[in-house]
Structure formats: C-alpha cells, structure tokens
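Architecture and fold: a report
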Amino acid sequence: MTTINNEMSSVFKRLLTYLIPMKGMFLLAVAGLLTYGLVDAAFIAFIKPFIDEGFGQAPAVVGGVEVDVPTHGGFNANKDIMLMAPLVVIGMFTLRGIANFVSTYCVSYMSAKLIMDMRQQVFEHYLRLPVSYIDRENSGNLISRVTFDTEQIARASGSALISIVRDSITVIAMLAIMFFYSWKLSLCILVIGPLMGVVISVVSKRFRKVSKQIQSAMGGVTATTEQMIKGHKNVLAFGGQKTEVDRFFKVNDSNRHQNMKLAVAQAISQPVIMVIGSFALAFVLYAATFPALKDDITAGTFAAILGAMMAMLQPIKNLTRVNAEFQRGIAACTTVFELLDTAPESDTGEFETKRVKGNLKFNNVTFSYPDTEKPALTNIDFEVKQGKTIALVGRSGSGKSTIASLMTRFYTGVSEGDITLDDVSIYDYKLTSLRNQVALVSQQVTLFNDTIANNIAYAYPGEVTREQIVKAAELAYAMEFIETLPEGLDTEVGENGVLLSGGQRQRIAIARAMLRDAPVLILDEATSALDTESEKAIQHGLDNLRHNRTSIVIAHRLSTIESADEILVIDQGSVVERGTHTDLVAKEGIYANLYQMQFGN
C-alpha cells in the first residue's frame with residue numbers, strides 16, 4: 001500500500017513539473033476555483049441572518065415602549081435585510097460566474113498545452129529510441145501513447161484540478177460554517193468521514209488497476225485497425241473480411257469489458273458515498289429534536305447547517321467521480337513516464353567530421369540480437385576501400401541486412417571485433433556525424449504523404465534547388481514516369497507512396513540517396529522491385545553514383561552486382577565465399593549454384 005502511494009505521489013509530482021511554465025495560468029485558475037467555492041459557502045452562510053433577521057419577529061414601538069407585535073402570518077419582515085438580499089444574491093452569482101469563466105478557461109488552456117507538450121515529448125523520444133525497442137513494441141501501443149494516453153492525462157489533470165480545489169474548498173467551507181453555527185450538531189460528520197475515506201481508498205486501487213487494462217485494450221484496438229488498413233488489399237484479395245471483423249470484435253469487446261469494469265466501480269462507489277452521507281444528514285435531523293439542542297439553535301441556524309450538509313453532497317460526489325478520471329490519468333502517466341524513462345540509443349562517441357573518405361572495415365565482427373543466444377553474425381571480416389563496391393549475397397535470413405544495420409548503428413552490442421570508418425571505430429563517432437556519411441536505400445521503401453519533390457529532398461541538409469532534385473531524379477531513372485504525372489514533381493504520393501507502383505517508389509528512394517551525396521552508399525535490395533528495362537537503365541545511374549564512393553550492395557538478383565569489386569557470400573551469419581563474379585562462378589560453389597538457378601547455363 002505504501003509503495004503504491006509513493007509511486008502515485010512520485011508520478012503526480014512529476015506531472016506537476018509540466019505546469020511550472022504555466023504557473024501564472026495555474027494561479028489564476030486556482031484563484032477562480034477558490035472564489036467559486038467560497039461564494040457557494042458564503043451563500044449558505046447568508047441563510048442564517050436572512051431567515052433569523054429577515055423573517056424573525058421585529059420589535060414595534062407603542063407608547064414609547066418596544067413590544068413584539070406579530071404581523072400577518074406571524075412575522076414582521078425586516079425591510080433592510082429583505083431589500084439587501086436580492087442585491088447580495090445577484091452580486092454573489094455574478095462573481096461566481098466570472099470565477100467560473102476564468103477557472104474554466106485557464107484549466108482548458110493548461111490541459112491543451114499539457115497534451116501538446118507531452119505528445120511532443122513522446123514523439124521526439126520515439127526518434128531517439130533504439131531500433132531494437134521499436135522492433136519489440138506493438139505499433140498500436142506506441143501510437144496509443146501519443147494519442148489516447150496523453151488525452152487521459154490531460155482530462156484527469158483538468159478534472160482533478162477543478163474538483164480538488166473547488167469542491168475541496170466548498171466542503172471545507174461548509175464544514176466550517178456548520179461547526180461555527182453549532183459544533184454539537186455537526187459532530188456527526190466526524191463519524192462518517194473515515195468511512196468515506198475507506199471507500200474512496202478501496203475504489204481508487206480498483207480504478208488504477210482497471211485503467212491500466214483499458215490502456216492495453218486500447219492499444220490492441222489501434223494495432224488491429226492499423227494492420228487492417230495497411231493490409232487492406234491483401235484482406236480483400238484473400239477474402240479475409242470475416243477474419244478481420246472477428247479479430248477486431250475480440251479486441252473491441254475486450255476494451256468494452258474493461259470500460260464496464262471501471263463504470264461498475266464508479267457506479268457503486270458514488271451511491272455508497274451518498275448513502276453514508278445520508279446517515280449523517282438523517283442524524284442531524286434527528287438530533288435537532290433533542291431538547292438540549294433545540295433550545296440552542298434558531299430556525300436560521302438549523303437551515304444553514306442543513307443547507308451546508310446538502311451543499312456538501314454534490315462536491316463529495318464530484319470528488320468521488322473525478323477519482324476515476326484521476327486514477328486513469330495516473331495510470332496513463334505511469335505508462336508514458338516509463339516510456340520517457342526508456343534509455344535512448346547510445347551516443348557516447350565524440351568524433352565528428354564533415355565528410356569521410358569512405359574506407360570501411362569489419363574486423364572479425366560477431367553480433368547477436370537482444371534476447372537471442374545464437375549469433376546473427378560470426379567473425380565477419382572484410383574491407384572496402386574508398387570508391388570500391390562490395391556486394392553481399394546469400395539466402396534470406398543469412399545476415400546481409402544485419403551487416404547494413406550495424407554500419408549505421410541501428411543495432412549495437414557487437415560482442416567481438418569492431419567496425420571502423422577511415423580507421424576510426426564507428427562507436428567513436430557521434431551518431432549524427434556517422435549517419436550523415438551514409439545514404440541508405442532499403443528494400444522497404446518509406447515515402448511520406450507529400451509531393452515527389454519533397455520526398456526526394458527529405459531531410460536534405462541546407463537549401464536544395466529544383467535543379468538538384470531533377471538531376472537526382474534523372475540519375476535514378478525516375479523522371480521517365482514523373483513527367484507523365486499531371487503535376488510532375490509536385491504530385492502527392494499518398495501515405496507511404498500508395499499511389500505509386502513498387503518500382504516507382506524505389507526509384508524515388510534511390511533519387512533521395514543520390515541527392516544526399518553521402519560518401520558511403522548502402523543499397524539493400526534497392527532494385528528488387530524494378531522491371532528489367534528500368535533495372536538496366538538505373539544501373540548506369542548507380543555506376544555514376546558509386547564513383548569515388550564506398551558502396552555496399554545487398555542483392556538477390558545477381559545481375560546487379562556482377563561488376564562489384566568483391567562479392568561476399570553470406571550463409572548463416574558467416575562469410576563462406578569471397579571473390580569477383582568471375583572467380584566465384586569458376587569455383588562452382590554456392591555463388592555459382594545461385595547464378596545458375598537465376599540464369600540457367
């Protein structure tokens with residue numbers, strides 16, 4: 001229990017740090033909420049003098065002597081009190097309305113700013129996380145952190161601030177009024193207070209537990225929807241509509257089930273609190289009949305105490321209701337803060353350079369992926385001089401792409417050996433400096449929902465001219481199809497280039513690499529989606545691009561790497577053959593067999 005409370009306190013304190021830049025708005029919101037609560041209390045406090053003096057028996061002067069003369073109905077209204085009452089009521093509710101506007105606006109502003117700041121922080125942290133972390137996590141959960149969880153935090157913080165300040169001050173002020181007017185009659189509140197505390201404590205733990213389950217269920221909904229949208233064509237082609245409907249129904253129903261758990265806990269807790277409160281109210285009504293108390297209180301005092309007790313019920317109910325929101329927010333905070341506390345990818349290197357020559361060397365590198373025992377690479381040893389091209393071939397899963405990932409430090413933790421670039425370990429480079437030296441074209445092309453020109457110029461350092469974009473597109477043999485499009489380079493490609501063919505997407509990716517003009521070029525199945533004619537044409541562009549650049553070409557199609565300076569055959573994470581195309585064919589080994597399967601005799 002203590003651990004949970006400490007964790008909750010720690011999370012809440014950390015959440016408050018987001019409000020520090022908005023302390024002006026925060027103080028203004030608190031002032032508005034305090035005013036709102038105090039006005040409500042002042043209105044209840046006004047009941048006693050209003051009844052006792054406004055409707056009490058007023059003395060009349062008869063023959064110079066004051067006597068009590070009953071008026072019609074038994075009362076003689078005090079005109080000053082009665083005339084003042086409407087003005088007081090109007091003034092109070094005007095002040096209350098202004099306080100409500102100020103507090104609502106300030107809380108809304110802080111909530112919106114909190115969502116924006118936290119989403120920005122989570123998004124930026126994703127960009128600093130290692131590739132291995134993103135690979136392990138469910139994409140739906142990652143998206144849910146940015147969308148659903150941050151929304152829950154903002155809603156909880158806004159609701160909690162309103163209830164904690166406004167409703168708490170209302171309850172405290174009402175208690176003060178009750179004890180001020182009759183402490184004997186108000187003692188019954190002390191009996192029910194601990195009971196309410198026990199109920200709230202029990203349901204709070206339940207709220208927090210269920211809220212975490214809701215977050216997980218919501219991540220499942222997001223992930224299933226995303227998978228269906230990405231695989232929409234395959235779903236239709238294979239007639240998988242029913243499969244996807246059933247899959248989504250399962251996660252959707254799970255989400256509904258978790259929300260109902262929260263609703264049930266909330267629905268039970270509020271009536272229980274109200275029933276406990278009703279016992280206190282009933283006891284006050286009963287105690288007022290005791291002669292010892294009846295003689296000490298006036299009608300106005302009794303009405304004020306009764307009104308204060310009635311006025312407390314709604315704030316207490318609000319505090320109970322907001323507890324569910326608050327616990328959901330705390331659960332979401334815990335998840336988001338755990339993500340933000342995840343260590344970013346290691347960047348301890350300090351070496352920086354504008355442009356390397358491109359001498360790359362793998363020195364007996366052995367590497368294993370996290371949580372796996374068998375090495376993905378074993379004693380990989382090769383060297384590529386500046387301006388030379390090395391090709392990596394082998395069956396799928398042999399380790400070719402792993403070599404490319406190690407060069408860009410997408411994965412770290414080489415257990416043996418080292419990788420050097422210009423005789424400097426790549427782990428001594430600053431990450432930004434290292435990756436600025438490399439242009440990567442992978443088999444999984446990523447295009448953004450933007451124009452072709454902006455996709456080619458993506459993240460280009462400095463200003464880029466239209467002429468540079470056109471030249472890169474021409475070298476990549478992309479202008480051939482770009483010129484046929486209605487808007488040319490300004491054509492929108494859709495999400496991940498969905499409006500283009502696979503070959504067109506790859507040519508844009510190659511143009512992007514050409515424009516980057518990096519000294520080290522990695523082509524990971526870069527021509528796999530090209531037709532034969534486009535492949536031959538683009539080879540001329542790639543030959544130009546490789547000039548004075550270190551090139552690592554990973555390919556299944558051996559026709560694209562026949563001119564490589566050296567070819568490495570990778571099998572089960574090891575180099576089993578190496579040499580030129582002619583040498584390897586003459587050896588009649590694995591490479592020769594692959595070549596024969598593709599081209600026959």
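Remember, predicted model here, so these are calculated numbers, not experimental data.

1. Digging into the overall build of the protein
- Summing up its helical and strand segments, the protein has 21 helices and 12 strands in all.
- Per-residue burial for the protein yields a buried fraction of 45% across its 601 residues.
- Here the contacts in the protein between residues at least 6 apart in sequence split such that 78% fall between residues at least 24 apart.
- Put simply, the protein shows about 31100 Å² of open surface, and 59% of that area lies on carbon and sulfur atoms.

2. Some points on the pattern of salt bridges
- Applying the stated criterion to the full structure yields 17 salt bridges.
- The closest approach of N and O atoms between Lys113 and Asp117, which form a salt bridge, is 3.0 Å. Taken together, the residues Lys113 and Asp117, both in helix H4 (residues 79–128) and 4 residues apart, mark about one turn of the helix.
- Asp117 sits in the partly exposed class, given a relative accessible area of 24%.
- Ionic pairing is found between Lys242 and Asp246, a salt bridge with its closest N-O pair at 2.9 Å. With a gap of 4 residues between them, Lys242 and Asp246 both fall in helix H10 (residues 241–287), about one helical turn apart.
- Owing to a relative accessible area of 39%, Asp246 belongs among the partly exposed residues under this scheme.

3. Examining helix H21 (residues 590–599)
- Along H21, the residues that are buried comprise Tyr591, Ala592 and Leu594. With its buried residues spanning 160° around the axis, H21 presents them on a single face.

4. Quick look at the packing of helix H2 (residues 23–45) against helix H6 (residues 139–181)
- Two elements in contact, H2 and H6, have axes separated by 8 Å at closest approach and are oriented at 30°. By the criterion of interaxial angle, the relationship of H2 to H6 is roughly parallel. Relative to H6, the crossing made by H2 is right-handed. Seen from H2, the contacting residues are Phe26, Ala29, Val30, Leu33, Leu34, Tyr36, Gly37, Leu38, Asp40, Ala41, Ile44 and Ala45; seen from H6, they are Leu161, Ile162, Val165, Arg166, Ile169, Thr170, Ala173, Met174, Ile177 and Tyr181.
- In terms of residue class, the contact of H2 with H6 is made up of 18 nonpolar, 2 polar and 2 charged.

5. Details of the sheet that holds strand S7 (residues 424–425)
- Pairing is antiparallel in the open sheet, where 4 strands are placed in the order S4-S3-S6-S7. The open sheet has two free edges, formed respectively by strand S4 (377–384) and S7, since each of these has just one partner strand.
- Pairing between strand S3 (residues 360–367) and strand S6 (residues 414–421): 6 bridges, direction antiparallel. Across the sheet, residue Asn363 finds its bridge partner in S6, namely Asp418.

6. Focus on the environment of Thr550
- Note that Thr550 resides in strand S10 (residues 550–554).
- Along the primary structure Thr550 and Pro519 are separated by 31 residues, whereas in three dimensions their C-alpha atoms are 6.3 Å apart.
- If we ignore the near neighbours within four places in the chain, the residues touching Thr550 are Lys357, Gly358, Asn359, Leu360, Val384, Lys385, Gln386, Gly387, Lys388, Pro519, Val520 and Leu521.

7. Some words on the UniProt feature "transmembrane region" (unreviewed entry) in the protein
- Sequence positions flagged by UniProt for "transmembrane region" (unreviewed entry) are, in local numbering, residues 83–110, 160–181, 187–204, 262–285 and 297–313.
- Secondary structure over residues 160–181 splits into 100% helix and 0% strand, and the C-alpha atoms at its two ends are 31 Å apart.
- Note that residues 297–313 is 88% helix and 0% strand, and that its end C-alpha atoms are spaced 23 Å apart.

8. Digging into a nonpolar patch on the surface
- Among the surface-exposed residues, Met260, Val264, Ile268 and Val272 lie close enough to one another that they form a single nonpolar patch of about 320 Å² accessible area.
- For Val264, the location among the structural elements is in helix H10.

9. A few points about the packing of aromatic side chains
- Using the criterion set out here, one finds 10 aromatic pairs in the structure.
- Ring plane angle 10° and centroid distance 6.2 Å describe the contact between Tyr18 and Phe337, whose orientation is recorded as stacked. In this pair, Tyr18 is assigned in the loop between helix H1 (2–16) and H2 and Phe337 in helix H12 (residues 299–340), connecting sequence segments 319 residues apart.
- Of the residues examined, Tyr18 reaches a relative accessible area of 12% and is grouped as buried.

10. Remarks on unusual backbone geometry
- A positive phi angle, near 55°, is found at Ala459, a position not held by glycine.
- Looking at where Ala459 falls in the secondary structure, it is placed in the loop between helix H15 (452–456) and helix H16 (466–475).
- Assessed through its relative accessible area of 54%, Ala459 is described here as exposed.
- Residue Tyr477 is not a glycine yet carries a positive backbone phi of 60°.
- Relative to the assigned elements, Tyr477 resides in the loop between H16 and helix H17 (479–482).

11. Structural notes on the nonpolar core
- Among the nonpolar cores identified, the biggest contains 42 residues, and Ile456, Ile482, Leu489, Ile561, Ile567 and Tyr591 are the most heavily contacted of them.
- The element that contributes the greatest number of residues to this core is helix H18 (residues 502–516), accounting for 7 residues.
- Leave out the neighbours within four places in its chain, and Leu489 touches Thr451, Ile452, Ala453, Ile456, Arg466, Ile469, Val470, Met479 and Ile482.

12. Looking at the sheet that holds strand S12 (residues 574–579)
- Here we have 6 strands laid out as an open sheet, ordered S8-S9-S10-S5-S11-S12, and mixed in their pairing. In the strand order of this sheet, the two ends are held by strand S8 (438–441) and S12, each with one partner. The mean angle between the axes of side-by-side strands here comes to 15°, regardless of whether they run parallel or antiparallel.
- Contacting S8 and strand S9 (520–524), H18 crosses the sheet at an angle of about 175° to S8.

Conventions adopted
- Residues numbered from 1 in each chain as written.
- Predicted model: local features only at pLDDT ≥ 70, side-chain atom pairs only at ≥ 80, totals over all residues.
- Heavy atoms only, no water.
- Helix = DSSP H or I, 4+ residues; strand = E, 2+ residues; numbered from the N terminus.
- Buried < 20%, exposed > 50% of the residue type's maximum accessible area, 1.4 Å probe, protein only.
- Contact = heavy atoms within 4.5 Å.
- Areas by Shrake-Rupley, 256 points an atom, 1.4 Å probe, with all protein chains shown as cover.
- Salt bridge = Lys/Arg side-chain N within 4 Å of Asp/Glu carboxyl O.
- Arc of directions from axis to C-beta.
- Axes fitted to C-alpha atoms, helices over the stretch in contact; angles between N-to-C directions.
- Parallel < 35°, antiparallel > 145°, perpendicular 65-115°, else oblique.
- Left-handed = near helix turned anticlockwise from the far one by under 90°.
- Nonpolar A, V, L, I, M, F, W, Y, C, P; charged D, E, K, R; others polar.
- Pairing = 2+ DSSP bridges.
- UniProt positions renumbered as here; feature names shortened; annotations may be inferred.
- Patch = residues over 30% accessible without salt bridge, like charges linked within 9 Å, V, L, I, M, F, W, Y side chains within 5 Å.
- Phe/Tyr/Trp six-rings, centres within 6.5 Å; stacked < 30°, edge-to-face > 60°.
- Core = buried A, V, L, I, M, F, W, Y, C linked by side-chain atoms within 4.5 Å.

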